[in-house]
Amino acid sequence: MQQAAPPSHRPDLTIATEGEFAGWRTWTRDTFESHNGPFWHRIDDDGRVRCAFRVEKKHLNGMKAVHGGCYMTFADYCLFAIATKELDGPGVTVAFGAEFLDAAFEGELIEATGEVTRAGKSLIFVRGMLKSGERPLFTFSGTIKRVRRKVPATEVADSH
């Protein structure tokens, strides 16, 4: 079960209230990510953002491993979660790079951590890694461009 967060500048921010991801957050505006996830994020006690999802059959390719496009979709979600404090408004991904290191399979928990390496006036640079336990699966880096436009109050303010 999911319950909407208290009113904020992110009306689509949802917090899970039960299950494995109780207390974790997701955004519901991006229907592509919602359909392909669910993907989750939280802010740890040390202030670092952690993202995660549990591999389901729908995430697999013909070899019964997580599809590379799933890794990439999740990593794009992670870019925005990791940069959420710096972004503080709408943005779009303008560059994305990745390296596939290992396969993951149904039932595994995939987690991501990362960092903002630089946040300027218009661009935010992010890098991160997906892991299953201690096993590195995928590294990524991306650039988010801040979108400077007026956003109606009913729209999302800090995600793509």
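Taking an unreviewed UniProt entry as the reference, the protein is identified by name as PaaI family thioesterase belonging to Rhodopseudomonas palustris. Under the UniProt heading Sequence similarities (unreviewed entry), the entry covering the protein gives this text: "Belongs to the thioesterase PaaI family."

Participant: I'd like a rundown of the overall build of the protein, residues and numbers included.
Facilitator: The helix and strand tally for the protein stands at three helices and nine strands. The linear arrangement of helices and strands in the protein, starting from the amino end, is β-β-β-α-β-β-α-α-β-β-β-β. Looking at the protein as a whole, 42% of its 160 residues are labelled buried. Partitioning the contacts of the protein with sequence separation of at least 6, the portion at a separation of at least 24 is 58%. Carbon and sulfur atoms make up 54% of the accessible area of the protein, which totals about 8,600 Å².

Participant: Any details on the pattern of salt bridges? Residues and values, ideally.
Facilitator: Taken as a whole and judged by the stated rule, the model has seven salt bridges. One salt bridge connects arginine 50 with aspartate 44, and the closest N-O pair in it is separated by 3.1 Å. Here aspartate 44 falls in the buried class, since its relative accessible area comes to 18%. Residues arginine 135 and glutamate 108 are paired through a salt bridge, measuring 3.0 Å at the closest nitrogen-oxygen approach. With arginine 135 in strand β9 (residues 135–146) and glutamate 108 in the loop between β6 (91–100) and β7 (109–119), this pair connects stretches of sequence that are 27 residues apart. When its relative accessible area of 16% is taken as the criterion, glutamate 108 is described as buried. Salt bridges sharing partners connect three or more residues here, namely Arg42, Asp44, Arg50 and Glu111.

Participant: Tell me about a nonpolar patch on the surface, and please be specific about residues and values.
Facilitator: Together, Met72, Phe96 and Phe100 line one region of the surface with nonpolar side chains, adding up to about 270 Å² of accessible area. Turning to its location among the elements, phenylalanine 96 is positioned in strand β6. Look at phenylalanine 96 and you get partly exposed, because its relative accessible area is 32%.

Participant: Help me get a handle on the nonpolar core, residues and values and all.
Facilitator: Counting residues in hydrophobic clusters, the biggest one holds 31 residues, and the most contacted among them are Phe74, Ile110 and Leu130. Looking at this core, the elements that each hand over two or more residues are β5 (49–54), α2 (68–82), β7, β8 (123–132) and β9. Top contributing element to this core by residue count: α2, with ten residues. Each residue touching leucine 130, except ones within four places of it in the same chain, is listed here: Tyr71, Phe74, Ile110, Glu111, Ala112, Arg135, Pro136, Leu137, Phe138 and Phe140.

Participant: Requested: an account of the pairing of β7, with residues and values cited.
Facilitator: Look at any regular strand and the pattern is simple: side chains alternate between the two faces of the sheet. Summarising the sheet, β5 and β7 pair through five bridges and their orientation is antiparallel. From the neighbouring strand, phenylalanine 53 faces β7, where its bridge partner is isoleucine 110. Note that β7 and β8 share eight bridges and pair antiparallel. Bridge pairing in β8 places glutamate 115 opposite arginine 127. Linking β7 to β8, which pair antiparallel, is a turn of three residues.

Rules of the game
- Just so you know, the residues in each chain are numbered from 1, in the order the chain's sequence is written.
- Totals for whole chains, interfaces and linings use every residue, but because this is a predicted model, local features are given only for residues with pLDDT of at least 70 and side-chain atom pairs only at 80 or more, for both listing and counting.
- Hydrogens and water are ignored here; the side-chain numbers use all heavy atoms of the structure.
- UniProt positions are given in the numbering used here, feature names are shortened, and annotations may be inferred rather than shown by experiment.
- Counting from the N terminus, the helices are the DSSP runs of H or I reaching at least four residues and the strands are the DSSP runs of E reaching at least two.
- Between buried and exposed lies partly exposed: a residue is buried under 20% and exposed over 50% of the maximum accessible area for its type, with that area taken using a 1.4 Å probe on protein chains only.
- What makes two residues a contact is simply this: any of their non-hydrogen atoms within 4.5 Å.
- The protein chains shown are the only cover counted for residues, whose accessible areas, like all others here, come from Shrake-Rupley with a 1.4 Å probe.
- Whenever Lys or Arg places a side-chain nitrogen within 4 Å of a carboxyl oxygen from Asp or Glu, that contact is recorded as a salt bridge.
- Grouping into patches uses exposed residues only, defined as over 30% relative accessible area, and leaves out salt-bridged ones; the cut-off is 9 Å for like charges and 5 Å for nonpolar side chains (Val, Leu, Ile, Met, Phe, Trp, Tyr).
- To define a nonpolar core, start from buried Ala, Val, Leu, Ile, Met, Phe, Trp, Tyr and Cys residues and group those joined through side-chain atoms within 4.5 Å.
- The rule for pairing is simple: two strands pair if DSSP sees at least two bridges between them.

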